[in-house]
Amino acid sequence: MSAASLRRAVRESVSGLPRAFWWLWTSTLVNRLGAFVATFMTLYLTLDRGYSASFAGLVVALHGLGGVVSSLVAGVMTDRLGRRPTLLAAQASTAFSVALLGFMEHPAAIAAVALLVGMTSNASRPAVAAMMADIVRPEDRVRAFALNYWAINLGFAVSATAAGLIAEYSYLAGFLGEAALTLACAVLVYVKLPESRPEGGGAGASGASGSASGKTGAGTEIGLGTVLRDGRFMGVVGLSFLISLIFTQGSVGLPVAMGSAGFSPGDYGLVIAVNGFLIVALQIPVTRLIEHRDPQKLLVISALLAGYGFALTAFAGPVWAYGLTVCVWTLAEIVNSPTQMSLVVRLSPVHGRGRYQGVYTMSWAVAALVAPLMAGFMIDRWGAGRLWAATGVLGTVAAAGYWLLMRNLPAGDRDTDPVAAGDAAPKGARPLPTGPALAEPKPAPADPLPTSGPVGAS
């Protein structure tokens, strides 16, 4: 590809997205630059503190349990209080709890604060996803979610490499660094991001009873029970849990297995950084290829690649071989994340986006609870080989599930979308700012690259 073609491809990938999206994107990038706890928790507990893989799995599972609780609460807060205050509260409390974790000495204290970190760090996810759905047009959502995922992994790629070196010097420095960058995120959200919640999504929409419900544009009540009774959506949540269970092994099973094989935290940091760097390099061009393709096929293929990519880890020996297995399941991640996120938004009513995103986020949180227990138990009892074989089975089951679930899926969003109707912002929301600082790039005037034929996480 020539330099001119590459510039045109990048310009077309980022064009047409509102200014608020780019501030949200920037906050995601800053937040992920400080990622440390989720990546190095197992190594911190097993290598630095000398605990067993089972205890490390228990602590990381408590971190996941906190996420299970907060995903539902944060989903309701996102609809009732708004996206912006939920984000601000979640990020400020995450900064405090991460810093506190670095100073904990007693095993019970470590476990308790890990639970708190899981609650606070997971609370921002429903708000971020709901805000992105509010401010981005439906036809741009796969691209927007892909760009946001690109920011996550750009930050992760940098932080994983740096944090691996920091961990060899001081784990406390890593905790404090994450706290500082998360606090910077909270400030950025407060200063730059407007509220985007559509009219009728707040407390006033739920009636005098004050129940945790919102309303659709037609006035139908939406509570958590409504979400849980939505069969097709809960099917997506269940499949997301299986996929999350596989991908989470990159941060729980893989470091324990590599540590048991004699590799250092720096070795693991380099291997897992391959995941982030590949996503940074390939997310945008791959998204251009898949943006208009059949999401059913994309999700089936990505599930198989994820399961068998991790299964190949059983045959890895030197560091470079671990890196090759990461390449396989990273491709699955690149395809799966924006495709599944777009599907979740498509199945979510406008005024119930917070609750729907909260329940969807819960699938990742439950996986974060189960995956470390699964990894610790299987590695301690049977060795890592059984764990990697299990990921292949999970990937096969998830692929079959996507194929069955998405047959005869109706086209279009669940109900009327203010952004889809052409409004500059959801009715009742404060207008989104414009200006030259983050003005939307204009598409190339001529000779656009062809789009693909007839896909949206985490």
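Residues numbered from 1 in each chain as written. Predicted model: local features only at pLDDT ≥ 70, side-chain atom pairs only at ≥ 80, totals over all residues. Heavy atoms only, no water.

1. Side note on the overall build of the protein
Helices and strands together make up the secondary structure of the protein, namely 17 helices and two strands. Approximately 17,800 Å² of the protein is accessible, and the part contributed by carbon and sulfur atoms is 67%. (Helix = DSSP H or I, 4+ residues; strand = E, 2+ residues; numbered from the N terminus. Areas by Shrake-Rupley, 256 points an atom, 1.4 Å probe, with all protein chains shown as cover.)

2. Looking at helix α17 (residues 384–405)
End to end, α17 covers 32 Å across 22 residues, agreeing with the expected 32 Å (1.5 Å per residue, within 8%). Every buried residue of α17 is accounted for by Leu 387, Trp 388, Ala 390, Thr 391, Gly 392, Leu 394, Gly 395, Ala 398, Ala 399, Gly 401 and Tyr 402. Contacts from the buried residues of α17 go to α11 (231–247), α12 (253–260), α14 (295–311), α15 (319–346) and α16 (353–382). (Expected span 1.5 Å × (residues − 1). Buried < 20%, exposed > 50% of the residue type's maximum accessible area, 1.4 Å probe, protein only. Contact = heavy atoms within 4.5 Å.)

3. Here's the deal with the side chain of Arg 83
Mapped onto the fold, Arg 83 is located in helix α5 (residues 83–101). Taking relative accessible area as the criterion, Arg 83 reaches 1% and is therefore assigned buried. Within the structure, Arg 83 has its side chain in polar contact with the side chain of Asp 79 (distance 3.3 Å). The residues touching Arg 83, leaving out its near neighbours within four places in the chain, are Thr 78, Ala 127, Ala 130, Met 131, Asp 134, Glu 195, Ser 196, Arg 197, Pro 198, Val 350 and Arg 353. (Polar contact = N/O pair within 3.5 Å; in protein donor to acceptor, adjacent residues only side chain to side chain.)

4. Here we look at α15
With 28 residues, α15 should cover 40 Å at 1.5 Å per step; its first-to-last C-alpha distance of 41 Å lies within 8% of that length. Where α15 bends most, the angle comes to about 25°, and this point is Asn 336, followed within four residues by the proline Pro 338. With 21 of its 28 residues buried, α15 lies for the most part within the structure. (Bend = angle between axes of the 7 residues up to and from the residue.)

5. A closer look at the packing of aromatic side chains
Counted by the stated rule, this structure contains nine aromatic pairs. Summarising the aromatic geometry, the rings of Trp 25 and Trp 150 are spaced 6.0 Å apart at their centres and angled 15° between planes, so their arrangement reads as stacked. With a gap of 125 residues between them, Trp 25 in helix α2 (residues 19–33) and Trp 150 in helix α8 (residues 141–169) connect regions that are remote in the sequence. By relative accessible area, Trp 25 is classed as buried at 14%. Residue Trp 150 is classed as buried on the basis of its relative accessible area, which comes to 18%. Both rings, one in Phe 310 and one in Trp 388, keep their centres 6.2 Å apart while their planes meet at 20°; by these two values the pair is stacked. With Phe 310 in helix α14 and Trp 388 in helix α17, this residue pair connects regions lying 78 residues apart in the sequence. Across the pair, exposure class does not vary: Phe 310 and Trp 388 are buried alike. Put simply, the rings of Phe 21, Trp 22, Trp 25 and Trp 150 pair up and form one aromatic cluster. (Phe/Tyr/Trp six-rings, centres within 6.5 Å; stacked < 30°, edge-to-face > 60°.)

6. Quick notes on the confidence of the model for the protein
On average, residues of the protein score 76 in pLDDT, and 79% of them reach the 70 mark or higher. Per-element mean pLDDT across the protein ranges from 47 in strand β1 (residues 213–215) up to 92 in α14. When the criterion is pLDDT under 50, residues 202–219 qualifies, and its contacts beyond four places in sequence or with other chains add up to 40 contacts. Confidence drops under a pLDDT of 50 for residues 416–458, and excluding neighbours within four residues, the segment shows 103 contacts in the predicted structure. (pLDDT = per-residue confidence, 0-100.)

7. Considerations on the nonpolar core
Core analysis: the largest hydrophobic core is formed by 110 residues, its most contacted members being Phe 21, Met 41, Phe 233 and Leu 254. The greatest single-element share of this core, amounting to 12 residues, is contributed by α16. Every residue in contact with Phe 21, bar those within four places of it in the chain, is listed here: Met 132, Ile 135, Val 136, Ala 144, Leu 147 and Asn 148. Core analysis: the next-biggest nonpolar cluster, separate from the first, contains eight residues, Tyr 149, Ile 152, Ile 279 and Ile 334 among them. (Core = buried A, V, L, I, M, F, W, Y, C linked by side-chain atoms within 4.5 Å.)

8. Regarding the side chain of Ser 27
By the element assignment, Ser 27 lies in helix α2. What makes Ser 27 buried here is its relative accessible area of 3%. Once residues within four sequence positions are removed from consideration, Ser 27 is found in contact with Cys 185, Leu 188 and Val 189.

9. Examining empty space enclosed by the protein
Put simply, the second largest cavity is a space of about 40 Å³. Taken together, Thr 42, Ala 53, Ala 56, Gly 57, Val 252, Gly 253, Val 256, Pro 372, Ala 375 and Gly 376 make up the full set of residues lining the second largest cavity. Of all the elements in the fold, those that place two or more residues in the lining of the second largest cavity are α4 (53–80), α12 and α16. Classifying every residue of the lining of the second largest cavity gives six nonpolar, four polar and no charged. (1 Å grid on protein atoms, 1.4 Å probe; cavity = no way out; pocket = protein on both sides within 12 Å on 5 of 7 lines; lining within 4 Å. Points joined across faces, edges and corners; volume = space filled by probe spheres on them. Nonpolar A, V, L, I, M, F, W, Y, C, P; charged D, E, K, R; others polar.)

10. Focus: the packing of α15 against α16
Running from amino to carboxyl end, α15 crosses α16 at an angle of 140°, the nearest separation of the two axes being 10 Å. Here α16 runs oblique to α15, going by the angle between their axes. In this structure, α15 meets α16 at a crossing whose hand is right-handed. Within the contact between the two elements, α15 uses Gln 340, Met 341, Val 344 and Val 345 and α16 uses Arg 353, Gln 357 and Tyr 360. In the contact of α15 with α16, the residues fall into four nonpolar, two polar and one charged. (Axes fitted to C-alpha atoms, helices over the stretch in contact; angles between N-to-C directions. Parallel < 35°, antiparallel > 145°, perpendicular 65-115°, else oblique. Left-handed = near helix turned anticlockwise from the far one by under 90°.)

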